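# Architecture at a glance
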Amino acid sequence: QVHLVESEGGLAQPGGSLRLSCAASGFTFSANAMSWVRQAPGKGLEWVSGIYGAGGEKFYADSVKGRFFISRDNAKNTVTLEMNNLLPEDTAMYYCAKVAGDYCLNPHDYWGRGTQVTVSS
């Protein structure tokens, strides 16, 4: 059974940094692209970043490009989102999501429960 468990998010000041991790199990981790998706209060889902199974290719939404960095450790079945220079508009529930296959544009077939990130002074 597929499980995706995000680490605890937290509160950061504008300009600060936070690191999210997602522990995956129940599938061949390296054979699947992974994504981070967020949902701000009162808004729809926003794809944030994706990474292919081998970890070589990474993609970012324009809203986070240059501030957020995605990585994965296939030996540990984890995917990480390093978030820097946080803005209040980064406040959202962040979800780790498994892509159906190793192509970032494929749909997501499993989701974690999400972790709250709040950026406020």
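What you are looking at is a predicted structure, and each value in this text was computed from that prediction instead of being measured.

### Focus: the side chain of serine 49
Looking at where serine 49 falls in the secondary structure, it is placed in strand β5 (residues 45-51). Exposure remark for serine 49: the relative accessible area of 0% places this residue in the buried category. Those residues in contact with serine 49 that sit more than four places away from it in its chain are Met34, Ser35, Trp36, Phe59, Tyr60, Ile70 and Leu81.

### Some points on the packing of aromatic side chains
For any pair of aromatic rings, the description consists of the separation of the ring centres together with the inter-plane angle of the planes. Within the structure shown, the criterion is met by 5 aromatic pairs. Ring centres 6.0 Å apart and planes at 55° place the aromatic pair phenylalanine 27 and phenylalanine 29 in the tilted group. On the basis of relative accessibility, which here comes to 17%, the residue phenylalanine 27 falls in the buried class. The class for phenylalanine 29 is buried, based on a relative accessible area of 3%. Measuring from ring centre to ring centre gives 6.3 Å for tyrosine 60 and phenylalanine 69, while their planes differ by 70°; the resulting arrangement is edge-to-face. Judged by its relative accessible area of 41%, phenylalanine 69 is partly exposed. Every member of this aromatic cluster is reached through a ring pair, and the members are Tyr52, Phe59 and Tyr103. Sitting over the face of the ring of phenylalanine 29, arginine 72 holds its NZ or CZ atom 4.2 Å from the ring centroid. Above the face of the phenylalanine 27 ring, lysine 98 is positioned so that its terminal group lies 5.3 Å from the ring centre.

### Overview of the sheet that holds strand β8 (residues 78-83)
Picture the strands of a sheet paired through backbone hydrogen bonds; they go either parallel or antiparallel. The sheet built from 4 strands is open, its strands ordered β1-β3-β8-β7 with antiparallel pairing. What marks the edges here is a single partner per strand, and that holds for β1 (3-6) and β7 (68-73). Within this sheet the neighbouring strands show an average axis-to-axis angle of 15°, counted without direction. Both β7 and β8 contribute to a ladder of 6 bridges, which runs antiparallel. Residue phenylalanine 69 lies in a different strand from β8, and its bridge partner there is glutamate 82.

What counts, and at which threshold
Residues numbered from 1 in each chain as written. Predicted model: local features only at pLDDT ≥ 70, side-chain atom pairs only at ≥ 80, totals over all residues. Heavy atoms only, no water. Helix = DSSP H or I, 4+ residues; strand = E, 2+ residues; numbered from the N terminus. Buried < 20%, exposed > 50% of the residue type's maximum accessible area, 1.4 Å probe, protein only. Contact = heavy atoms within 4.5 Å. Phe/Tyr/Trp six-rings, centres within 6.5 Å; stacked < 30°, edge-to-face > 60°. Lys NZ or Arg CZ within 6 Å of the ring centre and 35° of its normal. Pairing = 2+ DSSP bridges. Axes fitted to C-alpha atoms, helices over the stretch in contact; angles between N-to-C directions.

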